[in-house]
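# Breakdown of the fold
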Amino acid sequence: SPFFKIKEIKISGVNRIPEEEIKNFIWRELSEGKNKPNIFLFDVGEVATVLEEEYGFKNLSVKKNFPSAIFLSLEEPILAAVWHEGDRYYYMDDDGNIISEVNPLDVNARDYPIIDGDEKGNFGAGARISYIINLFDDFKDGKYGLEVERFKIDSETNTAQMFLKNGPLVYFNVKEDISSQIAKLLALKNEKLKDNFNQKIHIDLRYGDRVYYK
């Protein structure tokens with residue numbers, strides 16, 4: 001019966017993603033996908049799955065509102081970093097999960113850490129990504145008199161690379177405490193290298209109390 005055909009989609013909980021975009025996505029699913037536009041035949045689980053895959057929503061709830069509407073309550077993932085690979089950029093959450101692709105022109109290195117991945121891709125590097133997010137927050141807004149340009153993750157185990165703007169590349173051990181490694185970096189900068197700090201190519205903080213630089 002046309003009386004039970006889905007005519008309305010109600011959504012709550014979105015701020016960053018336009019509500020109309022989500023509605024249009026669901027309408028396309030109803031017209032082109034496996035789902036059916038009849039309220040009785042509408043598969044709540046199927047829609048929840050495709051929305052989670054497309055947008056990475058958390059705490060997503062899809063309910064039927066008889067006779068002809070569906071209601072979505074959701075929580076958007078928190079943007080925490082930008083993953084860069086090749087010529088493409090992706091938003092990530094704080095667990096290292098890819099949320100969506102982003103236009104390079106919309107990427108702001110002051111808002112999120114930009115993480116370069118190796119050519120093989122490395123979306124499973126969750127522990128290192130979480131470490132980098134914390135590292136970025138510690139250096140945010142020019143704290144310590146150092147400006148971070150970007151980070152990098154490659155095949156080196158337990159290593160996070162931090163590129164300083166107009167300065168050296170810094171290696172961190174993600175298994176070691178952030179604050180103690182930063183303390184070593186600042187001691188080297190302020191007490192030993194001083195004005196020569198920015199002329200160095202790289203600084204390695206990964207090995208206990210020792211600091212190596214070139």
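The following refers to the structure shown. (Residues numbered from 1 in each chain as written. Predicted model: local features only at pLDDT ≥ 70, side-chain atom pairs only at ≥ 80, totals over all residues. Heavy atoms only, no water.)

## What about the sheet that holds strand β2 (residues 58-65)?
- One open sheet holds the three strands; their spatial order is β1-β3-β2, and the pairing between them is mixed. Edge positions in the sheet fall to β1 (8-12) and β2, since each has one partner strand and no second. In this sheet, neighbouring strand axes are inclined to one another by 15° on average, regardless of whether the strands run parallel or antiparallel.
- Bridge analysis of β2 against strand β3 (residues 69-75) gives six bridges, and the strand direction is antiparallel. Within β3, the position partnered with S61 by the bridge is S73.
- Contacting β1 and β3, helix α1 (residues 19-32) crosses the sheet at an angle of about 140° to β1. (Pairing = 2+ DSSP bridges. Helix = DSSP H or I, 4+ residues; strand = E, 2+ residues; numbered from the N terminus. Axes fitted to C-alpha atoms, helices over the stretch in contact; angles between N-to-C directions. Contact = heavy atoms within 4.5 Å.)

## Description of the packing of helix α3 (residues 126-139) against helix α4 (residues 178-193)
- It is at 11 Å that the axes of α3 and α4 come closest, and there the two elements cross at 50°. When the axis of α3 is compared with that of α4, the two are oblique. Where α3 crosses over α4, the two elements pack in a sense that is right-handed. Only I178, Q181, I182 and L185 of α4 make contact with α3, whose side of the interface consists of Y131, N134, L135, D138 and F139.
- Taken together, the residues of the contact of α3 with α4 sort by class into six nonpolar, two polar and one charged. (Parallel < 35°, antiparallel > 145°, perpendicular 65-115°, else oblique. Left-handed = near helix turned anticlockwise from the far one by under 90°. Nonpolar A, V, L, I, M, F, W, Y, C, P; charged D, E, K, R; others polar.)

## Looking at the environment of E85
- Structurally, the position occupied by E85 is in strand β4 (residues 81-85).
- With 30 residues separating them along the chain, E85 and I115 place their C-alpha atoms 8.5 Å apart.
- Within polar-contact distance, the side chain of E85 engages the side chain of W83 at 3.3 Å. (Polar contact = N/O pair within 3.5 Å; in protein donor to acceptor, adjacent residues only side chain to side chain.)

## Some details on a nonpolar patch on the surface
- Judged by side-chain polarity, F40, L41 and F66 come together as a nonpolar surface patch covering roughly 350 Å² of accessible area.
- Among the structural elements, L41 can be located in the loop between α1 and α2 (44-55). (Patch = residues over 30% accessible without salt bridge, like charges linked within 9 Å, V, L, I, M, F, W, Y side chains within 5 Å. Areas by Shrake-Rupley, 256 points an atom, 1.4 Å probe, with all protein chains shown as cover. Salt bridge = Lys/Arg side-chain N within 4 Å of Asp/Glu carboxyl O.)

## Topic: α1
- Relative to the 20 Å expected for 14 residues at 1.5 Å per residue, α1 spans 20 Å between its end C-alpha atoms, a close match to the ideal helical length.
- Of the positions making up α1, those classed as buried are I22, K23, F25, I26, E29 and L30. Summarising the axial view, the buried residues of α1 lie within an arc of 160°, below the 170-degree limit, and thus occupy one face. The exposed residues of α1 that point more than 90 degrees off its buried face are S31 and E32.
- Considering only its buried residues, α1 is in contact with β1, α2 and β3. (Expected span 1.5 Å × (residues − 1). Buried < 20%, exposed > 50% of the residue type's maximum accessible area, 1.4 Å probe, protein only. Arc of directions from axis to C-beta.)

## A short note on the side chain of K184
- In this structure, K184 sits in helix α4.
- One buried charge, K184, has no salt-bridge partner; the nearest side chain with opposite charge is D209, at 5.9 Å.
- Within the local environment of K184, its side chain forms a polar contact with the backbone oxygen of G208, the two atoms lying 2.3 Å apart.
- Discounting chain neighbours no more than four positions away, the residues touching K184 are L205, G208, D209, R210 and V211. (Lys, Arg positive; Asp, Glu negative; His and termini not counted.)

## So, the packing of aromatic side chains
- Per the stated rule, a full pass over the model turns up eight aromatic pairs.
- Considering the side-chain rings of F3 and F4, the 5.1 Å spacing of their centres and the 80° angle between planes classify their relative orientation as edge-to-face.
- Grouping aromatic residues by their ring pairs yields a cluster made of F3, F4, F40 and F66.
- The cationic tip of R150 hangs over the ring face of F163; the distance from NZ or CZ to the ring centre is 4.0 Å. (Phe/Tyr/Trp six-rings, centres within 6.5 Å; stacked < 30°, edge-to-face > 60°. Lys NZ or Arg CZ within 6 Å of the ring centre and 35° of its normal.)

## Focus on the nonpolar core
- If you look at the biggest cluster of nonpolar residues, it comprises 32 residues, and the most contacted ones within it are I115, L135, F139, F151, M162, F172 and L185.
- Counting only elements with at least two residues in this core, the list comes to β4, β5 (88-92), α3, β8 (148-153), β9 (159-164), β10 (169-173), α4 and β11 (202-207).
- It is α3 that contributes the most residues to this core, seven residues altogether.
- Those residues in contact with L135 that sit more than four places away from it in its chain are F151, M162, F172, I178 and I182.
- Counting 22 residues, the second largest nonpolar core, distinct from the first, contains V14, F42, F57 and L60. (Core = buried A, V, L, I, M, F, W, Y, C linked by side-chain atoms within 4.5 Å.)

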